Amino acid sequence: MTNHKSIAVTSLGCDKNRVDTEKMLSILVKEGYTVISEHSEADIIIVNTCAFIKSAKVEAIEAILDSSEHKKTGNCKALIVTGCLPQKHADEIAKDLPEVDAFLGVKDYEKIVSVLENIFNCKGDILSFEPNKNIFTSRTDSNHITTRYLTTPPHLAYLRISDGCDNHCSYCTIPSIRGRYTSTPIEQLVDETKYLIDCGAKEIIVVAQDSTSYGKDIYGDIKLLTLLEKLANLNLEQIRLMYAYPHLVSDELIKFISDCDKMAKYIDCPIQHIDTRILKLMNRPYGEIEVKNLIEKIRNQKNYIAIRTTLMVGFPFESEGEFENLCNFVREYKPDHIGCFEYSKEGGTSASKLKNQIAPKIKKHRYNTIGELHQQNAFAFNKSQIGKTLAVRYEGIDFDKSLFFGRSQYNAPDIDTLIYFKGEFADIGSMYKVKITNTDDYDLIGEML
């Protein structure tokens, strides 16, 4: 019998990957498995991997090897690796990682139960399933029900509105891993969000490989704004938009984010670079003027909208002058949040065939330079916030600092800065007015009013 076996999971990469993990766990819970946090005590360990760039592959392999130790010293009887790494490097890792009992790609999650049954050679009845607060069910078509075992704090959840990507950026392997862009119909996403709300979610974070292309494949036109309007009519406190491609961010979308009370005043817009020649080599369909015009439009809204972006340094042919152009952009336009990473030469991409690959030492220097510039911007911005009062969603306690911490609408979970504050009592997931009194590196410090 497979019933009552325990599972521990490591989910790597982005929150789009997290949604896959949650769906896979829900399938297993429905079949009688139990999810636990201690890997050393688990009968089964699953590592759901990312392989977007070389560092992600290294992290995944390290996590797999760490988990394999529990087959020697813990209770682990089966180690399963899922996700982008086996999808991209199946033959290579199967040979190099004999510790792994099974590999599943990004389209194979629903096979997890039969894989485990084969490993344990188990047959028999499946236990009945009673949903709890961590699990919801949403209808994906007329004949199939999918479930998610939520791994986020109860007050927030991620809503993946599509999978795959059609942009074919010259450095990116996502289209070869995830396939063509595939939107989930609006009705199903609304239904899924209702269940997330029933599970306690107050904040929904909209994610996709490219959220701004939503609907083009099934409706013949982009329908992101239509979707957001329908989500805003639900019993939610906040909706946050991630992964908006710059050339598809419309004036109407910017205005909706600014004007709609339920939209977090926040947009994640990965520009990758500012220099037009580098952007063309990246196969990004915009240039320096378009990016700067977009940021000015966002900054000119009646309500301040925080901008998060992603920057890549060390792309092939990136000259000192083009890198300095990027530095000047960071100095002048001051994105609120920056995720910077070094270009990674990925096999199978057109950029990997380009000459003039940048030396690792130079890439590291450029990476550090962008980090220092952003840090200077962040320090200056934080000082400007002293004396202001912000609505902060309480999310935990830092016992070393003896302070509560949380986020305002200008901060996304896990990747952005925090607001630490003093107070007598706070209820997890609830909003409190916090007066900012100081700063601590990237983070703000305040007192609950």
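In this text the structure is predicted, and so the values were computed from the model without any measurement.

## Overview of the packing of helix H13 (residues 320-333) against helix H14 (residues 360-385)
With their axes 9 Å apart at the nearest point, H13 and H14 run at an angle of 15 degrees to one another. With respect to their mutual orientation, H13 and H14 come out roughly parallel. For the crossing formed where H13 meets H14, the hand is right-handed. In contact with Glu 320, Phe 323, Leu 326, Cys 327, Val 330 and Arg 331 of H13, H14 contributes Arg 366, Thr 369, Ile 370, Leu 373, His 374 and Asn 377. Residues that form the contact of H13 with H14 fall into these classes: 6 nonpolar, 3 polar and 3 charged.

## Side note on the pattern of salt bridges
Under the counting rule described, the total for this entry stands at 32 salt bridges. With a closest N to O distance of 2.9 Å, Lys 297 and Asp 251 form a salt bridge. You can see Lys 297 sitting in helix H12 (residues 288-299) and its partner Asp 251 sitting in helix H10 (residues 251-259), a full 46 residues away along the chain. A relative accessible area of 40% places Lys 297 in the partly exposed class. Between Lys 364 and Glu 342 there is a salt bridge, and its shortest N-O distance comes to 3.0 Å. Of this pair, Lys 364 sits in helix H14 while Glu 342 sits in strand S15 (residues 337-342), and the two are 22 residues apart along the sequence. You can call Glu 342 partly exposed: its relative accessible area is 22%. One continuous salt-bridge network, built from bridges that share partners, spans Glu 203, Glu 237, Arg 240, Arg 393, Glu 395 and Arg 407.

## Quick notes on empty space enclosed by the protein
Any empty space left between atoms is shown by rolling a water-sized probe over those atoms. One pass over the structure, following the stated rule, counts 2 cavities of 30 Å³ or more. Its boundaries defined by the atoms lining it, the second largest cavity holds a volume of some 40 Å³. What lines the second largest cavity is simply Cys 269, Ile 271, Leu 294, Ile 295, Ile 298, Ile 307, Thr 309 and Phe 329. For the lining of the second largest cavity, the elements supplying multiple residues, two or more each, are H12 and strand S14 (306-313). Classifying every residue of the lining of the second largest cavity gives 7 nonpolar, 1 polar and no charged.

## Observations regarding the confidence of the model for the protein chain
Taken residue by residue, the protein chain gives an average pLDDT of 90. The fraction at 70 or more is 93%. Below a pLDDT of 50 lies the segment residues 123-145, which in the model reaches 47 contacts outside its immediate sequence neighbourhood of four places, other chains included.

## A word on the side chain of Thr 310
Within the secondary structure layout, Thr 310 lies in strand S14. When near neighbours in sequence (up to four residues on either side) are disregarded, Thr 310 contacts Cys 269, Pro 270, Ile 271, Gln 272, Gly 339 and Phe 341.

## Looking at the packing of helix H1 (residues 15-30) against helix H5 (residues 112-120)
With their axes 9 Å apart at the nearest point, H1 and H5 run at an angle of 55 degrees to one another. Comparing their axes, H5 and H1 come out oblique. Contact residues: H1 offers Met 24, Ile 27 and Leu 28, while H5 offers Ile 112, Val 113 and Leu 116. In terms of residue class, the contact of H1 with H5 is built from 6 nonpolar, no polar and no charged.

Criteria and cut-off values
Residues numbered from 1 in each chain as written. Predicted model: local features only at pLDDT ≥ 70, side-chain atom pairs only at ≥ 80, totals over all residues. Heavy atoms only, no water. Axes fitted to C-alpha atoms, helices over the stretch in contact; angles between N-to-C directions. Helix = DSSP H or I, 4+ residues; strand = E, 2+ residues; numbered from the N terminus. Parallel < 35°, antiparallel > 145°, perpendicular 65-115°, else oblique. Left-handed = near helix turned anticlockwise from the far one by under 90°. Contact = heavy atoms within 4.5 Å. Nonpolar A, V, L, I, M, F, W, Y, C, P; charged D, E, K, R; others polar. Salt bridge = Lys/Arg side-chain N within 4 Å of Asp/Glu carboxyl O. Buried < 20%, exposed > 50% of the residue type's maximum accessible area, 1.4 Å probe, protein only. 1 Å grid on protein atoms, 1.4 Å probe; cavity = no way out; pocket = protein on both sides within 12 Å on 5 of 7 lines; lining within 4 Å. Points joined across faces, edges and corners; volume = space filled by probe spheres on them. pLDDT = per-residue confidence, 0-100.

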